[in-house]
Amino acid sequence: MEFKNLHNQNTPLVIGNVWDVPSTKTAEKLNFQAIGTSSSAIASLLGYNDGEEMEFSELEYFIKRITCNTNLPLSVDLESGYSRNPTQIVQHIKRLSELGVVGINIEDSVVNEKRILLEANDFAKTLTEIKEQLEKESIEMFINVRTDTFILLEENVINETKRRIQLYQDAGANGIFVPCIEKENDIKTIVDSTNLPINVMCMPNLSNFETLAKLGVKRISMGNFLFDKMYSNFEETVKNVLSQNSFKSIF
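About the thresholds
- Residues numbered from 1 in each chain as written.
- Predicted model: local features only at pLDDT ≥ 70, side-chain atom pairs only at ≥ 80, totals over all residues.
- Heavy atoms only, no water.
- 1 Å grid on protein atoms, 1.4 Å probe; cavity = no way out; pocket = protein on both sides within 12 Å on 5 of 7 lines; lining within 4 Å.
- Points joined across faces, edges and corners; volume = space filled by probe spheres on them.
- Helix = DSSP H or I, 4+ residues; strand = E, 2+ residues; numbered from the N terminus.
- Nonpolar A, V, L, I, M, F, W, Y, C, P; charged D, E, K, R; others polar.
- Expected span 1.5 Å × (residues − 1).
- Buried < 20%, exposed > 50% of the residue type's maximum accessible area, 1.4 Å probe, protein only.
- Arc of directions from axis to C-beta.
- Contact = heavy atoms within 4.5 Å.
- Salt bridge = Lys/Arg side-chain N within 4 Å of Asp/Glu carboxyl O.
- Core = buried A, V, L, I, M, F, W, Y, C linked by side-chain atoms within 4.5 Å.
- Pairing = 2+ DSSP bridges.

*Asks:* Looking at this structure, I do not really get the layout of surface pockets. What am I missing?
*Replies:* Using a probe with the size of a water molecule, rolled over the atoms, empty space left in the structure can be pinpointed. Quantified by volume, the largest pocket comes out at close to 320 Å³. Forming the boundary of the largest pocket are 25 residues, of which Asp77, Arg146, Phe177, Met201 and Gly223 lie nearest the centre. Those elements giving two or more residues to the lining of the largest pocket turn out to be β3 (35-37), α3 (39-45), β4 (74-77) and β11 (219-221). Considering only residue class, the lining of the largest pocket consists of 9 nonpolar, 11 polar and 5 charged.

So this is what it looks like as structure tokens:
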């Protein structure tokens, strides 16, 4: 499976995070090996907060438009699966697979009034059921499991992350995504705790790609930060137009 092999290179797979067709075409133009959607960016485009506020059908429409306009391997941020029912999650994955999607991210937290971690053993059981059902239907999908320990925990973060990684590895995860991890010692500890490829995300104090490669990181994501930066620049450009009473700043 080509996408899976991209996680076994000497240098990390840098995922081009996209949210629509123009961003997808830009990623293709810049020769990214693979792309992945940002659920937060897509939600923002539709006026939702991140955390499964939008319907799966709305996400699916964006994915269809993206897959129609690229040949790059695409991984989809499925948040927590848009259901707590493993059978329903599998149906979502199956629909994405039919569109040509080769990977998903699925996270061990949900947003109610605030984001909370799911109980690790329960989530691992859900992963096991998902993997079993996908295998029965001969659906190949790279399952990158996101653990939100570094987002939500203040104590025993390393130990809890390692515990969850072991559970998710045993449940059949193909990769592990640890957003918001930044310190080199923490990254090295997590990388050394598993044989699964570790995915880190754009953060203010994250080391450069060469250092991350030496630490054993296999996948690097951009999250929603490029999207946020783009719209920050958009606002600044419009401010200049209004203050200058001219469009010269655009050109």
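Now that the structure has been shown, the text picks up again.
*Asks:* Can you walk me through helix α11 (residues 225-244) in this structure?
*Replies:* Along an α-helix, residues three or four positions apart point the same way, because every turn accommodates 3.6 residues. Compared with the 28 Å implied by 1.5 Å per residue over 20 residues, the 28 Å span of α11 between its first and last C-alpha is a close match. At the exit of α11 stands asparagine 245, carrying a positive phi of roughly 50 degrees.

*Asks:* I keep staring at helix α4 (residues 56-67) and nothing clicks. Help me out?
*Replies:* The end-to-end C-alpha distance of α4, which contains 12 residues, comes to 16 Å, matching closely the 16 Å that a straight helix rising 1.5 Å per residue would cover. What α4 keeps buried is the set Phe56, Leu59, Glu60, Phe62, Ile63, Ile66 and Thr67. Take α4 and look down its axis: the buried residues cluster within an arc of 160 degrees, on one side only. At its buried positions, α4 is contacted by β2 (16-18), α2 (21-29), β3, α3, β4 and α5 (86-98).

*Asks:* Help me understand empty space enclosed by the protein in this model?
*Replies:* On inspection of all chains with the given rule, the structure shows 1 cavity of 30 Å³ or more. Volume-wise, the largest cavity comes out at about 30 Å³. Every residue along the wall of the largest cavity is listed here: Gly51, Glu52, Glu79, Ser80, Glu107, Ser109, Val110, Val111 and Arg115. By residue class, the composition of the lining of the largest cavity is 2 nonpolar, 3 polar and 4 charged.

*Asks:* Please clarify how the environment of alanine 43 should be interpreted in this entry.
*Replies:* Along the chain, alanine 43 turns up in helix α3. Given the relative accessible area of 1%, alanine 43 is considered buried. Expressed as a C-alpha distance, the spacing of alanine 43 and leucine 59, which sit 16 residues apart in the sequence, is 8.3 Å. Setting aside its immediate chain neighbours within four residues, alanine 43 contacts Tyr48, Asn49, Asp50 and Met54.

*Asks:* Mind showing me how you'd approach the pattern of salt bridges here?
*Replies:* Opposite charge on two side chains permits them to pair, given that their charged atoms come into close proximity. Tallying each qualifying case throughout the model produces 14 salt bridges. A salt bridge links aspartate 108 to arginine 164; its shortest N-O distance comes to 3.1 Å. Placement of the pair is aspartate 108 in the loop between β5 (103-107) and β6 (109-111) and arginine 164 in helix α8 (residues 157-170), with a sequence separation of 56 residues. Side by side, aspartate 108 and arginine 164 carry an identical accessibility label, which is buried. Notably, a salt bridge pairs aspartate 148 with arginine 115, separated by 3.7 Å at the nearest N-O pair. Note that aspartate 148 is positioned in the loop between β8 (142-146) and α7 (149-152) and arginine 115 in strand β7 (residues 115-117), a separation of 33 residues in sequence. What makes aspartate 148 buried here is its relative accessible area of 0%. A residue is classified by how much of its surface remains accessible, and arginine 115, at 19% relative accessible area, is buried. Among the charged side chains, a network of salt bridges with common partners joins Asp50, Glu107, Arg115, Arg146 and Asp148.

*Asks:* Can you help me understand the nonpolar core in this one?
*Replies:* If you look at soluble globular proteins, the nonpolar side chains tend to sit buried side by side. Core analysis: the biggest nonpolar cluster contains 61 residues, and Leu59, Leu78, Ile106, Val145, Tyr168 and Ile176 have the highest contact counts within it. In terms of residues, this core owes the most to one element, helix α6 (residues 120-136), which gives 6 residues. Contacts of isoleucine 176, omitting those with residues within four sequence positions, involve Asn144, Val145, Thr147, Ile165, Tyr168, Leu196, Pro197, Ile198 and Asn199. Judged by nonpolar contacts, the second largest core, of 6 residues, contains Leu6, Leu13, Ala34 and Phe142.

*Asks:* Looking at this structure, I do not really get the sheet that holds strand β9 (residues 175-177). What am I missing?
*Replies:* In any sheet, the strands associate via hydrogen bonds between backbone groups, in a parallel or an antiparallel arrangement. Strand order across the open sheet formed by 9 strands is β1-β11-β10-β9-β8-β5-β4-β3-β2, with parallel pairing between neighbours. The sheet is open, and its two edges are formed by β1 (13-14) and β2, each paired on a single side.

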